Amino acid sequence: MKHLLSLEALPASDMVEILAMTQKIKAERGHHAELPLKGQCWGLIFSKSSTRTRVSFEVGIRELGGDALFLSAHDIQLGRGEPIKDTARVMGRMIHGAVIRTFAQQDVEDFAAYGNIPTINALTDAEHPCQILADLFTIQEKLGTYEGKTVTFIGDGACNVPVSWIWAASKLNFKLRIAAPVPFQPSKEILAKAGPNITVTDDIAAAADGADVLYTDVWVSMGMEKETEYRLAQLAGYQINTELLKKAAPGALAMHCLPAYRGKEITDEVLEAHAETIFTEAENRLHAQKAILAWLVK
Ligand code: CP
Ligand code: NVA
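Reference entry: report on the structure contained in this document. (Residues numbered from 1 in each chain as written. Chains lettered and ligands numbered in written order. Predicted model: local features only at pLDDT ≥ 70, side-chain atom pairs only at ≥ 80, totals over all residues. Heavy atoms only, no water.)

Inspection of the region around ligand 1 gives Ser-50, Thr-51, Arg-52, Thr-53, Arg-101, His-128, Gln-131, Cys-257, Leu-258 and Arg-285 as its neighbouring residues. Side-chain polar atom of Gln-131 to a nitrogen atom of ligand 1: 2.9 Å apart, as the coordinates give it. Interatomic distance of 2.9 Å between a backbone N/O atom of Leu-258 and a nitrogen atom of ligand 1. Out of a free accessible area of 250 Å², ligand 1 has 95% covered by protein chains. Taking a 2 Å distance to the grid points as the criterion, the majority of the atoms of ligand 1 fall inside the largest pocket. In terms of residue class, the shell around ligand 1 is built from two nonpolar, five polar and three charged. (Near = heavy atom within 4 Å. Polar contact = N/O pair within 3.5 Å; in protein donor to acceptor, adjacent residues only side chain to side chain. Areas by Shrake-Rupley, 256 points an atom, 1.4 Å probe, with all protein chains shown as cover. 1 Å grid on protein atoms, 1.4 Å probe; cavity = no way out; pocket = protein on both sides within 12 Å on 5 of 7 lines; lining within 4 Å. Sits in = over half its atoms within 2 Å of the grid points. Nonpolar A, V, L, I, M, F, W, Y, C, P; charged D, E, K, R; others polar.)

Dropping the structure here:
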């Protein structure tokens, strides 16, 4: 039984295979020769808000011949305290696969362990693996390859998105620089496992210098709203703007997983100037996740 629970646990060869499948699936959109989810019903169990992930999974599952059941965690008994392992054991007898967005990484691990059905991490506090697979594909499309490139992440360097970037860079051939104030840098435990492709600094200009991609994410991740004031003060300055882009390599991409908060982690000017890349990046969630689904049931 295959799952996609984290990039930390996903071997490089599987990442490469999923990226190759993404290319084929994107090219074949609208005329898929195979419908790998035919006759299947997948459940989407979400404890946090979502636009891109929810829509891309619902559409993707249907395009691969399956049916999708969206379940807000607030509407099912999970929201009233039913344990994740019981939810998994019930749903595992009814549905064919699960896509879970929640807080604790342990919850997706437990669902996979007890549900006995393919399980996908659609974002936890620890990781956002589907996002980074789609982002790698976008870099491949826009720059020809991610190999040998330098990706600079700017902002909250300790949240799910940069952490998934770390695991990707630890296994694939590209450099990752993280520019974040010290309280928002990845933990020592993670960095100890990260390897030589990853560097961390609080010097945003040095991190941007000659980079092929400048990438950012929200300053206040879901679940962190109580820290909003502190985060806005600490992260002010860790912004992708036109001045910073001038330090990057000529033709560098500006990327954002979205949703974007203009004037915070990215300026309106940069977002609009790089809208083609950023919204292709969002679209590629659909193609990459269809590849993940097809890969899981292969
Ligand atoms: N990037 C991303 O996961 O977006 P949503 O929160 O809208 O799903
Ligand atoms: N780090 C963000 C990602 C949103 C897609 C969050 O967890 O809210």
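On to the sheet that holds strand β5 (residues 150-154). Pairing is parallel across the open sheet formed by five strands, whose spatial order is β7-β6-β5-β8-β9. The open sheet has two edge strands with one neighbour each: β7 (198-201) and β9 (253-256). This sheet shows a mean twist of 20° between the axes of neighbouring strands, independent of strand direction. With four bridges connecting them, strand β6 (residues 175-179) and β7 associate as parallel partners. Bridging across to β7, Ala-179 finds its partner in Thr-201. Packed onto the sheet, helix α5 (residues 129-143) meets β5, β8 (213-216) and β9 and runs at close to 160° relative to β9. Along the sheet, helix α12 (residues 275-297) contacts β8 and β9; its crossing angle with β9, the most-contacted strand, is approximately 45°. (Pairing = 2+ DSSP bridges. Helix = DSSP H or I, 4+ residues; strand = E, 2+ residues; numbered from the N terminus. Axes fitted to C-alpha atoms, helices over the stretch in contact; angles between N-to-C directions. Contact = heavy atoms within 4.5 Å.)

Time to look at the environment of Ser-221. Note that Ser-221 resides in the loop between β8 and α9 (228-235). Using a relative accessible area of 10% as the deciding quantity, one classes Ser-221 as buried. Through-space distance from the C-alpha of Ser-221 to that of Asp-135 is 19 Å; in sequence the pair is 86 residues apart. With residues near it in sequence (within four places) discarded, Ser-221 still touches Asp-156, Cys-159, Asn-160 and Arg-231. (Buried < 20%, exposed > 50% of the residue type's maximum accessible area, 1.4 Å probe, protein only.)

Our next topic: the side chain of Ser-47. Along the chain, Ser-47 falls in the loop between β1 (41-46) and α2 (52-63). Ignoring sequence-local partners within four residues, the contact set of Ser-47 consists of Ala-73, His-74, Arg-101, Thr-102 and Phe-103.

This part takes up the site of ligand 2. Ligand 2 sits among Leu-123, Cys-159, Asn-160, Asp-217, Val-218, Ser-221, Met-222 and Leu-258. Measuring from a nitrogen atom of ligand 2, one finds a side-chain N or O atom of Asn-160 at 2.8 Å. Interatomic distance of 2.8 Å between a backbone N/O atom of Met-222 and an oxygen atom of ligand 2. In the complex, 95% of the free accessible area of ligand 2, which totals 260 Å², lies under the protein chains. When atom positions are compared with the pocket grids, ligand 2 is found to occupy the largest pocket. Partitioning the shell around ligand 2 into residue classes produces five nonpolar, two polar and one charged.

This next bit is on the sheet that holds strand β4 (residues 119-121). In spatial order, the strands read β2-β1-β3-β4; together these four strands make up an open sheet with parallel pairing. Here the strands that pair on one side only, and so sit at the sheet edges, are β2 (67-72) and β4. Between one strand axis and the next, the sheet turns through 20° on average, direction left out of account. Of the pairings in the sheet, the one linking strand β3 (residues 97-101) to β4 comprises three bridges and is parallel in character. Across the sheet, Val-99 pairs through a bridge with Ile-120, a residue of β4.

Right, let's talk about the pairing of β9 for a bit. Looking along a regular strand, one sees the side chains alternate between the two faces of the sheet. Going residue by residue along β9, you find Leu-253 and Met-255 tucked away on one face and Ala-254 and His-256 tucked away on the opposite face as well. Pairing of β8 with β9, which is carried by four bridges, proceeds in the parallel orientation. In the sheet register, Val-213 faces β9, and the bridge partner there is Leu-253.

The subject of this paragraph is α5. Compared with an ideal rise of 1.5 Å per residue, which puts 15 residues at 21 Å, α5 spans 21 Å between its outermost C-alpha atoms and is within 8% of the ideal. Taken across its 15 residues, α5 has 12 buried, putting it largely inside the fold. What α5 keeps buried is the set Pro-129, Cys-130, Gln-131, Ile-132, Leu-133, Ala-134, Asp-135, Leu-136, Phe-137, Thr-138, Ile-139 and Gln-140. (Expected span 1.5 Å × (residues − 1).)

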